[in-house]
Amino acid sequence: RDVVASLIRKRHADGRPWIDFNGAHRVWTGHVDIGCRFGQQLPAGQYCQLRYEDLIEDDLNVSRSVFDFLAIDMHPSVLKFCTSQQKNRTPLSGPTRDLSYGAGVSDWKTVLTPAEQVESLKMLAGHLVEYGYENADRCVGEFSETAVQVARNLVASPDSACPAADANEAVP
């Protein structure tokens, strides 16, 4: 979700959006699918999959697992770097959000309106569950809660309400 939010927030130097809503979803789902399919086609022991979220949560142990996978010793400078990153993250490629709250803090719900969140979950839910980012029950629950919020907002907003049909008029 946060990759999608980052892509939507990202701007060109002249202020134009880098990508639209649907494109951001296609980029994330497409890249994750391609990477996972590639890894599944390789013989065991030739592909090491890791997730950014795991790296941010526990970069030292994730780094150790990568070095173990590669069967090489972890250099002391890697330990030092990982320890320093827990205190102050080094931004990569001009971050699109304020990292002072922590790199692991999600802001997906602040970037997208509730209606966009519903559309986003429709596009991402299968991938979030398949790749272990969410479990199905949590995804369904969040989708349902957000859809109810959107419906309540629609009913409460006179500008977005459906025009009432006159009881004497035939409805086409």
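Attention here is on the structure that accompanies the text. (Residues numbered from 1 in each chain as written. Predicted model: local features only at pLDDT ≥ 70, side-chain atom pairs only at ≥ 80, totals over all residues. Heavy atoms only, no water.)

Attention now goes to the overall build of the protein. For the protein, the count of helices and strands is 8 helices and 0 strands. Seen in sequence order, the protein has helices and strands lined up from the N terminus as α-α-α-α-α-α-α-α. With 172 residues in all, the protein has 26% of them scored as buried. Long-range contacts, defined here as pairs at least 24 residues apart, represent 51% of the contacts in the protein between residues at least 6 apart. Summing over all exposed atoms, the protein offers an accessible surface of approximately 12,000 Å²; the carbon and sulfur share of this is 57%. (Helix = DSSP H or I, 4+ residues; strand = E, 2+ residues; numbered from the N terminus. Buried < 20%, exposed > 50% of the residue type's maximum accessible area, 1.4 Å probe, protein only. Contact = heavy atoms within 4.5 Å. Areas by Shrake-Rupley, 256 points an atom, 1.4 Å probe, with all protein chains shown as cover.)

A word on the nonpolar core. Of all hydrophobic cores here, the largest spans 16 residues; its most connected members are V4, A24, W28 and L128. Setting aside anything within four residues of it in sequence, one finds L128 in contact with R1, W28, L121, Y133, E134 and C139. (Core = buried A, V, L, I, M, F, W, Y, C linked by side-chain atoms within 4.5 Å.)

Turning next to the pattern of salt bridges. Any two side chains of opposite charge can pair if their charged atoms end up close together. What the rule picks out here adds up to 7 salt bridges. Of the charged contacts, one joins K122 and E119 as a salt bridge, the two residues approaching to 3.1 Å between their closest N and O atoms. Of this pair, K122 and E119 both sit in helix α7 (residues 114-130), 3 residues apart, which is roughly one turn of that helix. Note on K122: relative accessible area 52%, which makes it exposed. When salt bridges that share partners are traced, they join R1, K109, E134, R138 and E142 into one network. (Salt bridge = Lys/Arg side-chain N within 4 Å of Asp/Glu carboxyl O.)

Read these as layout, nothing more, since geometry by itself doesn't imply function.
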